[in-house]
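Analysis of the macromolecular model
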Amino acid sequence: MQNYKKLFLFFLCEFFCIIFFAQETPKKDPEDPKKSTESSRVSGAKTPIQFNILEQLEKDMRDFKIQEWVPQSMEAKRISLQDCLSLALIHNLDLRVESHNPEIVKEDIQIARSRFDTVFFSELNASESTRETGSTLEGSETHNIKYEVGVKKNTLTGGTLELSLATNRRSTNSSFASLDPSWGSGLTLSLTQPLLKGLGWETNQINIRLKEKEVDLAYLAFYKKVILLVQQVKKTYWDLVFSIADLKVKQISLELANRLVVINNAKFEAGVIAKIEIIQAETSVAERKESVIVAQSAVEDQEEALKKLIHPNNELFLYQLALRPTDNPIFQKETVDIQEATKKALLNRSELKQIDIQLNQLRLSLQQSENNLMPSLNFVGSIGLSGLQGNFANSLDSTFSGDQYEWVTGFVFEVPLGNREARSRYRQILIQQKQKKDQYLFQVTEIKFEISRLCRAIRTLESSIYATLESTKLAKEQLIAEEQRFNVGLSTNFRVADVQEDYVTALSRELKAIIEYKKALVDLDAAQSTLLMNSGIQFEPSK
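Residues numbered from 1 in each chain as written. Predicted model: local features only at pLDDT ≥ 70, side-chain atom pairs only at ≥ 80, totals over all residues. Heavy atoms only, no water.

**Considering the overall build of the protein chain**
Within the protein chain, the secondary structure is distributed over 15 helices and 10 strands. Considering the protein chain as a whole, with its 543 residues, one finds that 40% of them fall into the buried category. Put simply, of all contacts in the protein chain between residues at least 6 apart along the chain, 80% involve residues at least 24 apart. As displayed, the protein chain offers around 30700 Å² of accessible surface, 54% of which is attributable to carbon and sulfur atoms. (Helix = DSSP H or I, 4+ residues; strand = E, 2+ residues; numbered from the N terminus. Buried < 20%, exposed > 50% of the residue type's maximum accessible area, 1.4 Å probe, protein only. Contact = heavy atoms within 4.5 Å. Areas by Shrake-Rupley, 256 points an atom, 1.4 Å probe, with all protein chains shown as cover.)

**Quick word on the environment of Val249**
Structurally, Val249 is set in helix H7 (residues 206-270). Its relative accessible area of 1% is what places Val249 among the buried residues. The sequence separation of Val249 and Asp60 amounts to 189 residues, and the corresponding C-alpha distance is 9.2 Å. The residues touching Val249, leaving out its near neighbours within four places in the chain, are Leu57, Val504, Leu507 and Ser508.

**Some remarks on the side chain of Ser253**
Mapped onto the secondary structure, Ser253 falls in helix H7. Its relative accessible area of 2% is what places Ser253 among the buried residues. The residues touching Ser253, leaving out its near neighbours within four places in the chain, are Arg288, Glu501 and Val504.

**Structural notes on helix H4 (residues 81-91)**
Inspection of H4 places Leu81, Cys84, Leu85 and Ala88 among the buried residues, and these make up the whole buried set. All buried residues of H4 fall inside an arc of 100° around its axis, so they share one side. Buried-residue contacts for H4 involve strand S2 (75-79), helix H5 (93-113), H7 and helix H8 (275-310). (Arc of directions from axis to C-beta.)

**Overview of the nonpolar core**
The nonpolar side chains of a soluble globular protein tend to be buried, and buried together. Core analysis: the largest hydrophobic core is formed by 61 residues, its most contacted members being Val233, Leu306 and Ile310. Counting only elements with at least two residues in this core, the list comes to helix H3 (53-63), H4, H7, H8, strand S7 (321-325), helix H13 (420-487), helix H14 (493-528) and helix H15 (531-534). The element best represented in this core is H7, accounting for 23 residues. Once residues within four sequence positions are removed from consideration, Val233 is found in contact with Leu81, Cys84, Leu85, Ala88, Leu306, Leu309 and Ile310. Judged by nonpolar contacts, the second largest core, of 21 residues, contains Ala345, Cys455, Ile465 and Ala527. (Core = buried A, V, L, I, M, F, W, Y, C linked by side-chain atoms within 4.5 Å.)

**Remarks on H7**
Here H7 spans 95 Å end to end across 65 residues, near enough to the 96 Å set by a 1.5 Å rise per residue. Taken from the residues just after H7, Gly271 is the one with a positive phi, measuring 80°. (Expected span 1.5 Å × (residues − 1).)

**Details of a nonpolar patch on the surface**
A cluster of nonpolar side chains, contributed by Phe120, Val151, Leu161, Leu163, Leu189, Leu191, Ile383, Tyr405 and Trp407, occupies part of the molecular surface with about 880 Å² of accessible area. Mapped onto the nonpolar patch, the elements with two or more residues apiece are strand S5 (160-172), strand S6 (182-194) and strand S10 (405-414). Inspection of the secondary structure puts Leu189 in strand S6. (Patch = residues over 30% accessible without salt bridge, like charges linked within 9 Å, V, L, I, M, F, W, Y side chains within 5 Å. Salt bridge = Lys/Arg side-chain N within 4 Å of Asp/Glu carboxyl O.)

**Observations concerning the environment of Ala305**
Along the polypeptide, Ala305 turns up in helix H8. In the structure, Ala305 is positioned 72 residues away from Val233 in sequence and 9.1 Å away in space, judged by C-alpha atoms.

**Brief notes about the packing of H7 against helix H11 (residues 350-372)**
In a packed pair of helices, the relevant descriptors are the angle between the two axes and the axis-to-axis distance. Between H7 and H11, the least distance of the axes is 10 Å, while the angle of their chain directions is 170°. As judged from the angle between their axes, H7 and H11 are roughly antiparallel. Across from Ile206, Asn207, Arg209, Leu210, Lys213, Glu214, Asp216, Leu217, Leu220, Tyr223 and Lys224 in H7, the residues of H11 making contact are Ser350, Glu351, Lys353, Gln354, Ile357, Gln358, Asn360, Gln361, Leu364, Ser365, Gln367 and Gln368. (Axes fitted to C-alpha atoms, helices over the stretch in contact; angles between N-to-C directions. Parallel < 35°, antiparallel > 145°, perpendicular 65-115°, else oblique.)

**Quick word on the packing of aromatic side chains**
Scanning the entire structure with this criterion turns up 5 aromatic pairs. Look at Tyr237 and Trp238: their rings are 5.6 Å apart centre to centre, the planes differ by 85°, and that puts the pair in the edge-to-face class. With a centroid separation of 6.0 Å and an interplanar angle of 90°, the aromatic rings of Phe331 and Tyr466 are classed as edge-to-face. Note that Phe331 is positioned in strand S8 (residues 331-332) and Tyr466 in helix H13, a separation of 135 residues in sequence. The same class applies to Phe331 and to Tyr466, which are both buried. Put simply, the rings of Phe331, Tyr466 and Tyr517 touch in pairs and so form one group of aromatic residues. Across the ring face of Phe121, the terminal group of Lys152 is positioned such that the distance to the ring centre comes to 5.7 Å. Positioned above the aromatic ring of Phe242 is the side chain of Lys512, whose terminal nitrogen or guanidinium carbon lies 4.6 Å from the ring centre. (Phe/Tyr/Trp six-rings, centres within 6.5 Å; stacked < 30°, edge-to-face > 60°. Lys NZ or Arg CZ within 6 Å of the ring centre and 35° of its normal.)

**Observations concerning the environment of Gln443**
Examined against the element boundaries, Gln443 turns out to sit in helix H13. Residue class for Gln443 comes out buried when judged on its relative accessible area of 17%. Linking Gln443 and Leu346, residues 97 residues apart in sequence, is a C-alpha distance of 9.5 Å. Other than its neighbours up to four places away in sequence, Gln443 contacts Glu351, Leu352 and Ile355.

**Observations regarding the packing of H7 against H8**
One can describe the packing of H7 onto H8 by two numbers: an axis separation of 8 Å at closest approach and a directional angle of 165°. Taken as axis vectors, H7 and H8 run roughly antiparallel relative to one another. Where H7 crosses over H8, the handedness of that crossing is left-handed. (Left-handed = near helix turned anticlockwise from the far one by under 90°.)

**With respect to unusual backbone geometry**
A positive phi is found at Ser73, a non-glycine position, where the angle reads about 65°. Turning to its location among the elements, Ser73 is positioned in the loop between H3 and S2. For Asn419, which is not a glycine, the phi torsion comes out positive at approximately 50°. Locating Asn419 in the fold gives a position in the loop between S10 and H13. Residue classification places Asn419 among the buried residues on the basis of a relative accessible area of 13%.

Below, the structure is given as structure tokens:
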């Protein structure tokens, strides 16, 4: 009776295995993307395909009744790639820090322009002197109060223009002073104008032009930072997609191992296998549990990296929400033209634009340095009206009457012997120009090689995806066959566990290849400086 019971349990176990593995047999669907991929590859042509591996993983998760893992005390937050980009552009701290630089440098333009601001000045002083005199005509005590007011301005031609009105009240104890106190006033207009060094509108606005170029450089640096941030967000997003999908693969692997334990327990109860077979299956379960734990940690790491990029200051976002991407890494072959990609990169790359701006700065500095090589020859001239009366009002009337005037004109010449500073600075700028031109050629070469490397990597990953699709298909077929062999006693636990691991590894490699392909396309967009446009982000690099 005991033997009949064992025989009944054995056949019950075999029936369960047949039912279970029959569900795992792939359907002969002519529209299966893997099938169409294989047939096209056999014919020798790689036709563009679309394949969503996550859909297959989700189906397997549902078939195995595996729940999506979310850390304790956290709620799943579905988020798209576009939402991540929008949040990052608003809340990323590194980008916010960089965004202030153009505004800071803009103020340098106003500082440079302030050289031509009109300056108002005034002066008030008083003095008193007591001294011995050698003549009765001179007074021993003198009191002076002087007040001066005026405006001055540096002109765009390099000159300095000044207009001032001065009044002086003087009193003395001299008995021969005709006016005591006396009020003297004077109105003076003076001009100093360079005729060689420092002459010209363009020469005197070079510093303003240089600061404007600095603003352009600051905007380019900010533009580059935006591209880098978008690139990081996209790649981190896809890394999170991979980590979550890889966790699902590890969970499926664990479920396969658990079901093998169930089958072995049934066979052991039927008396057809030894206890060691159960121990081996349970060992495989323990190892795969560890893989699941490691995969969960990887999900949390990638999730934290994405949160740091897109919303680092929101505690609710950081500690209560578990980000779960909604965009799937659908594989679709992209046509990559190296020549066209290189042309776009050379046209758009901020590094080349930066060097162009720096060369323009050097041209301006060279123009300034050439002017500094000249000797200094300045025209100086002034004209003034004056008046002297016994009170302030009368002195002003006398001044503006024009009866008393004075004018001075002349030239001032100055040249540094040797002029070593200006000559050295001139030669230095010439060398820097050559250096920048060589740097431009070097950067062009680097960009060409970078584009070539990225295009080659995309083609390699594309071929790798086709290979991993086939590898996963064969691994799954081999797993089904090996488990069927195990059920009839033609295979062992070790062999089944190895084949299961091969299948799980193939799934991970297939997913990894697709994710790396998506990331490589992001890198290529960034290398061409077309990433923002292709991501639907409008940005003007300079203003």
